[in-house]
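Here is what each chain is made of, one letter per residue.
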Amino acid sequence: MSQTTQLLFKNRVPGKTVFFKDFCANGGYQGLKTAIQTMSPLEIRDLVKAAALRGRGGAGFPTGVKWGFFPADKPGIKYLVCNCDEMEPGTYKDGVLLGADPHQLVEGMILSAFALQTQVGYIFIRYAYEKQAENLRRAIAEATQAGYLGKNILGSGFDFELHVHGSAGRYILGEETALLNGLEGIRPNPRLKPPFPAVRGLFGQPTTVNNVETIANIPHIVTGGAQWFKDLALTPDGSGTKLFGLSGHLNRTECFELPVGISLREVIETYGQGMWKNKQFKACLPGGASTPFLTREHLDVALDFASLEKIGSRFGTAGVTAFDDDTCMVAVTLNLIRFFARESCGWCTPCRDGLTMVRWILEMLESGQGTPEHLEMLKDQLKNISGKSFCALAEGAMGPVAGLLTHFEQEIVDHIKGGRCPFSK
Amino acid sequence: MTTIESQTTSHLLDQHILADFIQHAGEIEHPREMIIDVLRAIQLHHGWVPDDGVELTAAILGLTPVEVEEIATFYDKIFRRPVGRFVIHLCDSVCCWTRGADEIAAHLQKTLNIEFGQTTADGLFTLLPSCCLGCCGIAPAVMIKQQFYGPLTPEKVDELIATLRQEGSA
Amino acid sequence: MLTLTIDNQTISIPAGKTILEAAEALGIMVPHFCYHKELGAVGSCRMCAVTVHTGPMPGVKMACLIAVEDGMVVTTGDETVATFRERVGEWLMLNHPHDCPVCDEGGECQLQEMTISSGHGIRRYQGGKGTYTNQDLGPFIAQEMNRCIQCYRCARTYKDYCGGRDFGVMGSRNRVFFGRFKDGMLESDFSGNLVDLCPTGVFTDRTFRFKSRAWDLEQADSVCPQCGVGCATIPGGRLRELQRVRSGDNPLVNTTFICDRGRFGSGYANHPERPRQARQEDQVVSVPAALTALETQIRATVKQHGPEAVLLVGSDRASLETNWLLQRTAKHFGCRVPVLNAHRQRHQTAQMAAFDLSERLASLQDIRSSDLVLVCGVDPLAEAPLLALALRQAVRKGGRVVLYDPRPVELPCDADRVAVSPLALQELLADGGVEGRHLRDLLSQAKNPMIVAGADLLGLAGLQNIQKWAEKTSNKERPCLVYPVLAGPNSFGTALLSLPEQDDLLTRLASGKVKMLVCVDADPLLEAPEGERFAAALTRLEQLVVLDYLPTSLSRHANLFIPTCPPVEDSGTFINNEGRLRRFQRVLKPGLSLARTAPGEHPPREFSLDTPGSDPQPAVLLLQRLIGQEQPLTEVHRQLVLEQPRLAALVSLKAGEAGVRVAPAVARPHSLDPLPEQPAQTLELVVTPARYGGDLFSRYAPKLEPRKRPPCFYLHPDELQAHGLKDGDAAVVETDFGSFTLPVRSQPDMALGCVLVENSEAFPQLIPGAGLGYCVISAGGANE
Ligand SMILES: Cc1cc2nc3c(=O)[nH]c(=O)nc-3n(C[C@H](O)[C@H](O)[C@H](O)COP(=O)(O)O)c2cc1C
Ligand code: SF4
Ligand code: SF4
Ligand code: SF4
Ligand code: FES
Ligand code: FES
């Protein structure tokens, strides 16, 4: 296993949480100090743009571009919201990061808030991450004590207060506008866009929502520089490192910080230490439950946003879930669709009812009661749900269905022909 | 709208916490943002959120009960029906499924002699399916009182249940 | 204007419109569910998909969400979107029970229409369906959640548009539920709109359940008679029973909403005690015989005692045509001019509206888009319910409502409320010092200022000051408009017809010259103050003649009674608060309902050539016959316009249309009298109409019973304490109109120094709008 540059995990000691003293001892809050004392907010925003950092929450939108839309100079209250909902199956990297080193995020939040000139920040954290929430509350208290949070931070005249807001379950809260509704205490259906949060966000004020990992990267970009950050990636299109959460049929299901652009093979073989129980790799979800499957033919693909889009999949959150060759891909897809259908917020028809229909079709197929009409129906549902739902949840739900139909249609046909699942014992 | 004075609240919330909530709600611009905080606090104290818990939340925040209910019923980790002392959230999402969650599910149901959604007769355990818990690396996993347990095997489940039983009878 | 092409047709349309609206303007119907023109677009149903072929991001788009752009090319029927909409239809039907044959919505179901227009026909999904437990939402609204297609319109109607806070959306995914926290009667005064706005059979009119199929109903465009707003309604009846009222659509007035009083308050038409036969003394007579007797008596009386001896009385609930024919009748028989409104003060304030404010009248549409509305002396939910909704829309768009009133006025929106006594309010309007100046500054600085003025509470003097305020705060760019809140559906019209110098009823009666009183659709006992003086005057009459359709006590006491028809059985015109001529059309013919009242009970069974109970005739027709000039309404209108050129629009007015404003008149000069002193040791007396039972119609509407409140005196808690009273005590209140005993209730939101009492059928003795009044309160009387 080659040693890769560790930014976010540089302080990580498995089983322990790093707090203020150790964090500072290893260079913590240096980025914040440098930035606040030597850079203007605009310079930081430009630096992030130059570093080509792309959002780590799944959509991969360039952070610098998003920040460029933000009316940082507009007077009045503005918000920075950190998205730690992290409920997409196969994604657990933010939880690991906050379990290990909560100050990474706190420093990033303060720095980002300065760059965006927001006075109030919220970290929206899922119900299950209560331990991480506690870590954050302690880190915030420590940072406040040290004068990094609160009024007139480091004598700069800049004020920032930071709150932790615990959720109570439901995947849709990860969608940024639903999250804002959740924070406000109204029903967390996604909002109509436009207006985008940068214009009308939390409580109607300009707001930026970013993922935990995205924000935690900001201090490292400030200390290391844009070019250095870009060069951390192995592909020219990529930039920085990425937290890869491994799961499924692998020997080692842990979270690693690896360079963007690393090959799938290296992830599976080197970091995942090969397939569990000595079986063969069949397929994987490359970046969470909503990303179309990769198969054996993709093992040498570089894992970054551009390369995966090129082959019809997505980098997503880089939560890699591997499946061995004894796995029924219809069953995998059914499991995923059950998740999405159950987590639908109930707002729009293609998701609320369309996913129910898809689930039923997959149940028919998986249970051996499927007919060729069901296969046709599945294709038809894919065509009609994709791109037509209100938010990206149903869109994402169709990712695995698309992957199933592209790479494993024969498996569906086998189910229909055999009148049973060929993988069932 | 019900008022706090008209309600008995001690079974729902610790009175200091109640006082804090009332004070905080009076200080902030949008008390609504506290709905989940208050509901979670009631649940922590009472085990689940009964109707008068919704009404109390509404009264603290200056809302109507249905305005709280709209939120309470959206989230799956707020219980609007009685649950046992230990709610076992068994992950049924894809990573846990690959690592044998079905087997754990069957084992849990057999051991506890209940189905998903039910509570054991002694009121100790409620078994609920959950979407991905965010600990896919230790699949298959359960969450109990916001703590993760995994990777689970039937043997480890037995140990866990035994420990919890002991804790429950203490 | 932007020009775009939809399905190869070109249209020019103002910017800001959506593709859906542009298509509609071209006559292309894009199926849609969640979009509603008053609720707006939210993009949830995805039914309205169309293909946009131009722009940076072409593809499938929701027509309700996308604003038109110049040069845009759109197709609505291409394969992609047609299939998609068919799928949406299929998805929406996954859980839907196929109970159309027994569904209460059948025949007017948007889901049926849209499913068919989506192209979906055959069920493929064979999986499980969700089912729900329904709630009991009270006597007005039935819920059948299994029929829900989650368009969220109900919540947007009830919560967002109407401001109700006891209804919401619960649950998530394909298990969302729309209802209350617990079973119970919906609290909003606009709850009935759920029926009109829900496109499926989830929310239906419970009072109409199992009565008729929509296609069997006789329906016509009408106007609600239950307040001065004049909402468009579509009453429906069958078997001679008025079975339901739903909202019409008048974009300038009520849009597509009406209040529960108007919707569920129509029971008067079929009231079991409604007088349906003519009577002379205690004998039933035929209507022609009664008319002949009336004619003979009028002629004889005029001949014997002169023109003063016969006095005709109209009312603000009688149509414009009826009131005008009364004037004709008086002329015909050589009597003095009729009194068109027995309530002198109300008549005067209505004349202020009809003449002096007529150049600057605001419509409800104006109010909905105002940035500042000063509401003076109005309790909208009681006096003009739809005004409350209009104020809410103004606030939702960022406008501000400032309200001065002695009552604990509830509004379905935020408002800056100041509780002031009526006298203090008069003083504020008369001069107002710093506060008055501040308010006028606010009005002057606003972009679109409006004043809503309660005629009953402000009286003539108050309205005159309002007129001045409006003049002063208008400028070259924009006027400051006034919305007067008058008492009856035709207060404005009645006022416009009559001459300003007319004597009032009591003065004329007091002269002793009146021998015969003919009240047409009027009951001065219930509709005018000083009931006791009026009752005393009645005993001095030789003949009391009443033509009415309500079972009032006056109609029972008449020497001669002739039954008339309520607006649903008549065609005619009202002029509403904003001076808008509104035509209503006959929905039903009069007759005893065939409806069975209990299982096994027979409908009325009489063998006669005529329909049982069909004697009542519209007052207009009766008066025409009386003077021997039967003419169609069109001719009446032609002649009316000759006399009243301001009503020129009458001739081409049609039912179901938004209606036309009367032409403005020149304001008359006024002299303002100084305000009277408040007698020592008194409290101000505030009489307000009850929300339900305040208007005469809803007193005879049994369906509204659950919303009615027992009468009591409301006082501010400090005032109660000062008088040694506590909540629930019985108290005696001595007024100029008599002394009354009722329980007292503490009401912290009302003004100090006042006693508030609601006028309703349970307490009809005090009538609103009688001017500043004072009273003395003391403990006593038996506690009820
Ligand atoms: C259904 C759904 C769930 C999402 N869940 C998350 C999440 O848990 N965490 C996250 O950061 N972003 C999530 N997102 C993406 C967010 O909407 C948003 O794009 C992201 O927080 C932006 O941050 P980034 O640009 O830093 O990635 C989700 C999106 C959708 C549609
Ligand atoms: S796709 Fe529609 S129903 Fe699904 S989560 Fe998004 S808005 Fe809700
Ligand atoms: S109840 Fe009616 S209005 Fe409400 S969501 Fe369902 S179908 Fe739509
Ligand atoms: S607001 Fe007035 S006119 Fe409109 S429905 Fe209600 S009572 Fe009738
Ligand atoms: S899939 Fe079970 S914890 Fe993520
Ligand atoms: S009508 Fe356009 S999405 Fe529902």
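Note that the coordinates shown come from a computational prediction; the quantities given were computed from them, not determined experimentally.

**Remarks on the overall build of chain A**
Thinking step 1. Helix and strand counts for chain A stand at 18 helices and nine strands.
Thinking step 2. Radius of gyration (C-alpha) of chain A: 22 Å, near the 22 Å computed for a compact globule of 425 residues.
Thinking step 3. Judged by the C-alpha coordinates and their principal axes, chain A covers about 75 × 45 × 35 Å.
Thinking step 4. Excluding contacts between residues fewer than 6 apart, the proportion of contacts in chain A whose partners are at least 24 apart in sequence is 71%.
Thinking step 5. Put simply, chain A shows about 14,000 Å² of open surface, and 51% of that area lies on carbon and sulfur atoms.
Thinking step 6. Placing the 43 positive and 43 negative side-chain charges of chain A at their respective mean positions leaves the two points 3 Å apart.

**A look at the nonpolar core**
As a rule of thumb, nonpolar side chains are buried together in soluble globular proteins.
Thinking step 1. Residues Val-106 and Leu-378 of chain A, Ile-60 of chain B together with Phe-178 and Phe-203 of chain C are the most contacted members of the largest nonpolar core, which totals 223 residues.
Thinking step 2. Element by element, the count of residues in this core is highest for helix H13 (residues 329-343) of chain A, at 10 residues.
Thinking step 3. In contact with Phe-178 of chain C, not counting residues within four places along its chain, are Gln-143, Met-145, Cys-148, Gln-150, Tyr-152, Cys-154, Ala-155, Phe-167, Gly-168, Val-169 and Phe-203 of chain C.
Thinking step 4. Within the second largest apolar cluster, 85 residues are counted, among which are Leu-340, Val-641, Ala-665 and Cys-712 of chain C.

**A look at the UniProt feature "binding site: [2Fe-2S] cluster" (unreviewed entry) in chain B**
Thinking step 1. Those residues carrying the UniProt feature "binding site: [2Fe-2S] cluster" (unreviewed entry) are Cys-91, Cys-96, Cys-132 and Cys-136 of chain B in this numbering. In terms of the greatest pairwise C-alpha distance, the residues named above, spread along 46 residues, form a tight cluster of at most 9.2 Å across.
Thinking step 2. Considering the arrangement of structural elements, one finds Cys-96 of chain B in helix H5 (residues 94-98).
Thinking step 3. Dropping the residues within four chain positions of it, Cys-96 of chain B is found in contact with Cys-91, Ala-101, Ala-139, Pro-140 and Ala-141 of chain B.
Thinking step 4. Within the secondary structure, Cys-132 of chain B sits in the loop between strand E2 (125-130) and strand E3 (142-144).
Thinking step 5. In this view, Cys-132 of chain B contacts Met-87, Glu-88, Pro-89, Gly-90 and Arg-126 of chain A together with Cys-91 and Ser-93 of chain B; residues no more than four positions away in its chain are not counted.

**A closer look at unusual backbone geometry**
Thinking step 1. A cis amide bond, omega -10 degrees, links Lys-193 of chain A with the succeeding residue Pro-194 of chain A.
Thinking step 2. Among the structural elements, Pro-194 of chain A can be located in the loop between helix H8 (176-184) and strand E4 (207-211).
Thinking step 3. Along the chain, Gly-150 of chain B connects to Pro-151 of chain B via a cis peptide bond; the corresponding omega equals -10 degrees.
Thinking step 4. Mapped onto the elements of the fold, Pro-151 of chain B is located in the loop between strand E4 (147-149) and helix H7 (154-169).
Thinking step 5. The backbone phi angle of Ala-52 of chain A is positive, close to 55 degrees, even though this residue is not glycine.
Thinking step 6. Of note, Ala-318 of chain A is a non-glycine position whose phi angle comes to about 60 degrees, a positive value.
Thinking step 7. Counting through the fold element by element, Ala-318 of chain A comes out in the loop between helix H12 (305-310) and strand E9 (319-324).
Thinking step 8. Judged by relative accessible area, Ala-318 of chain A falls into the buried class, the value being 0%.

**Looking at the sheet that holds strand E2 (residues 9-13) of chain C**
Residues and elements named next belong to chain C.
Thinking step 1. Spatially, E2-E1-E5-E3-E4 is the arrangement adopted by the five strands of the open sheet, whose pairing is mixed. Strand pairing shows two members of the sheet lacking a second neighbour, E2 and strand E4 (59-62), which therefore form its edges. Adjacent strand axes in the sheet meet at a mean angle of 35 degrees when their direction is disregarded.
Thinking step 2. As paired elements, strand E3 (residues 49-52) and strand E5 (residues 73-75) share two bridges and run antiparallel to each other. From the neighbouring strand, Thr-51 faces E5, where its bridge partner is Thr-75.
Thinking step 3. Along the sheet, helix H2 (residues 79-92) makes contact with E3, E4 and E5, crossing E3 at roughly 165 degrees.

**Remarks on the sheet that holds strand E19 (residues 416-419) of chain C**
Residue and element names in this part refer to chain C.
Thinking step 1. Ordered in space as E19-E18-E17-E20-E21, the five strands form an open sheet in which the pairing is parallel. Of all the strands in the sheet, just E19 and strand E21 (481-485) have a single pairing partner and so form its edges. Along the sheet, successive strands turn relative to each other by an average axial angle of 15 degrees, direction set aside.
Thinking step 2. In this sheet, strand E18 (residues 400-405) lies alongside strand E17 (residues 372-376) in parallel orientation, the contact comprising five bridges. Of the residues in E18, the one forming a bridge with Leu-372 is Arg-400.
Thinking step 3. Each of E17, E18, strand E20 (449-454) and E21 is contacted by helix H15 (residues 455-473), which is oriented at about 155 degrees to E20, the strand it contacts most.

**Regarding the environment of Ala-50 of chain A**
All names here are of chain A.
Thinking step 1. When you line up the elements, Ala-50 lands in helix H3 (residues 41-50).
Thinking step 2. Through-space distance from the C-alpha of Ala-50 to that of Leu-246 is 30 Å; in sequence the pair is 196 residues apart.
Thinking step 3. Setting aside anything within four residues of it in sequence, one finds Ala-50 in contact with Ala-226 and Lys-230.

**Description of the side chain of Arg-646 of chain C**
All names here are of chain C.
Thinking step 1. Tracing the backbone through its elements, the reader meets Arg-646 in the loop between helix H22 (633-643) and strand E27 (660-661).
Thinking step 2. At a separation of 2.6 Å, a polar atom in the side chain of Arg-646 contacts the main-chain carbonyl oxygen of Ala-663.
Thinking step 3. Residues within four places of Arg-646 in sequence aside, it is in contact with Ala-354, Phe-355, Ser-358, Leu-496, Val-662, Ala-663, Pro-664 and Ala-665.

**Regarding the interface of chain C and chain B**
Thinking step 1. On the side of chain B, 15 residues touch chain C, which itself brings 13 residues to the contact.
Thinking step 2. In this assembly, chain C packs against chain B so that about 1,000 Å² is buried in total across both faces, 54% of it on carbon and sulfur atoms.
Thinking step 3. When the area that chain C buries against chain B is broken down by residue, the three leading residues are Arg-165, Met-170 and Phe-181 of chain C, summing to 59%.
Thinking step 4. The interface formed by chain C and chain B holds four salt bridges in total.
Thinking step 5. For the salt bridge of Asp-51 of chain B with Lys-182 of chain C, the shortest nitrogen-to-oxygen distance reads 3.8 Å.
Thinking step 6. Counting every contact that joins chain C to chain B gives seven residue pairs in polar contact (both at pLDDT 80 or more).
Thinking step 7. Take the side of chain C that touches chain B: its biggest share by element is three residues, from strand E7 (residues 168-170) of chain C.
Thinking step 8. Of the residues contributing to the side of chain C that touches chain B, the split by class is four nonpolar, four polar and five charged.

**Details of helix H16 (residues 372-385) of chain A**
Thinking step 1. The first and last C-alpha atoms of H16 of chain A sit 20 Å apart over 14 residues, in line with the 20 Å expected at 1.5 Å per residue.
Thinking step 2. Along H16 of chain A, the positions that sit buried rather than exposed are His-374, Leu-375, Met-377, Leu-378, Asp-380, Gln-381, Leu-382, Asn-384 and Ile-385 of chain A.
Thinking step 3. If you follow the buried residues of H16 of chain A, they end up packed against helix H14 (349-352), helix H15 (354-366), helix H17 (392-407) and helix H18 (409-418) of chain A together with H2 of chain C.
Thinking step 4. With its phi angle positive at about 75 degrees, Gly-387 of chain A sits one or two positions after the end of H16 of chain A.

**Looking at the site of ligand 2**
Thinking step 1. Every one of the 13 residues lining ligand 2 counts as a neighbour, but Cys-345, Trp-347, Cys-348, Cys-351 and Cys-391 of chain A are closest to it.
Thinking step 2. Here the residues of the shell around ligand 2 are counted per class, giving 10 nonpolar, three polar and no charged.

**Observations concerning the interface of chain B and chain A**
Thinking step 1. In this assembly, 34 residues from chain B lie in contact with 49 residues from chain A.
Thinking step 2. Summed over both sides, the interface of chain B with chain A buries roughly 3,500 Å², with 58% coming from carbon and sulfur.
Thinking step 3. Considering only the side of chain B, the residues that lose the most area to chain A are Phe-74, Tyr-75 and Arg-99 of chain B, jointly responsible for 21% of the buried surface there.
Thinking step 4. With a shortest N-O distance of 2.9 Å, Arg-342 of chain A and Asp-92 of chain B are connected by a salt bridge.
Thinking step 5. Our count for the chain B to chain A interface comes out at 18 residue pairs in polar contact (both at pLDDT 80 or more).
Thinking step 6. Those elements that place two or more of their residues in the side of chain B that touches chain A are helix H2 (35-46), helix H4 (65-72), H5 and E2 of chain B.
Thinking step 7. Here the residues of the side of chain B that touches chain A are counted per class, giving 17 nonpolar, nine polar and eight charged.

Parameters at a glance
- Residues numbered from 1 in each chain as written.
- Chains lettered and ligands numbered in written order.
- Predicted model: local features only at pLDDT ≥ 70, side-chain atom pairs only at ≥ 80, totals over all residues.
- Heavy atoms only, no water.
- Helix = DSSP H or I, 4+ residues; strand = E, 2+ residues; numbered from the N terminus.
- Rg over C-alpha atoms; globule rule 2.2 N^0.38 Å.
- Contact = heavy atoms within 4.5 Å.
- Areas by Shrake-Rupley, 256 points an atom, 1.4 Å probe, with all protein chains shown as cover.
- Lys, Arg positive; Asp, Glu negative; His and termini not counted.
- Charge placed at Lys NZ, Arg CZ, Asp CG, Glu CD.
- Core = buried A, V, L, I, M, F, W, Y, C linked by side-chain atoms within 4.5 Å.
- Buried < 20%, exposed > 50% of the residue type's maximum accessible area, 1.4 Å probe, protein only.
- UniProt positions renumbered as here; feature names shortened; annotations may be inferred.
- Pairing = 2+ DSSP bridges.
- Axes fitted to C-alpha atoms, helices over the stretch in contact; angles between N-to-C directions.
- Polar contact = N/O pair within 3.5 Å; in protein donor to acceptor, adjacent residues only side chain to side chain.
- Buried area = accessible area lost by both parts, 1.4 Å probe.
- Salt bridge = Lys/Arg side-chain N within 4 Å of Asp/Glu carboxyl O.
- Nonpolar A, V, L, I, M, F, W, Y, C, P; charged D, E, K, R; others polar.
- Expected span 1.5 Å × (residues − 1).
- Near = heavy atom within 4 Å.

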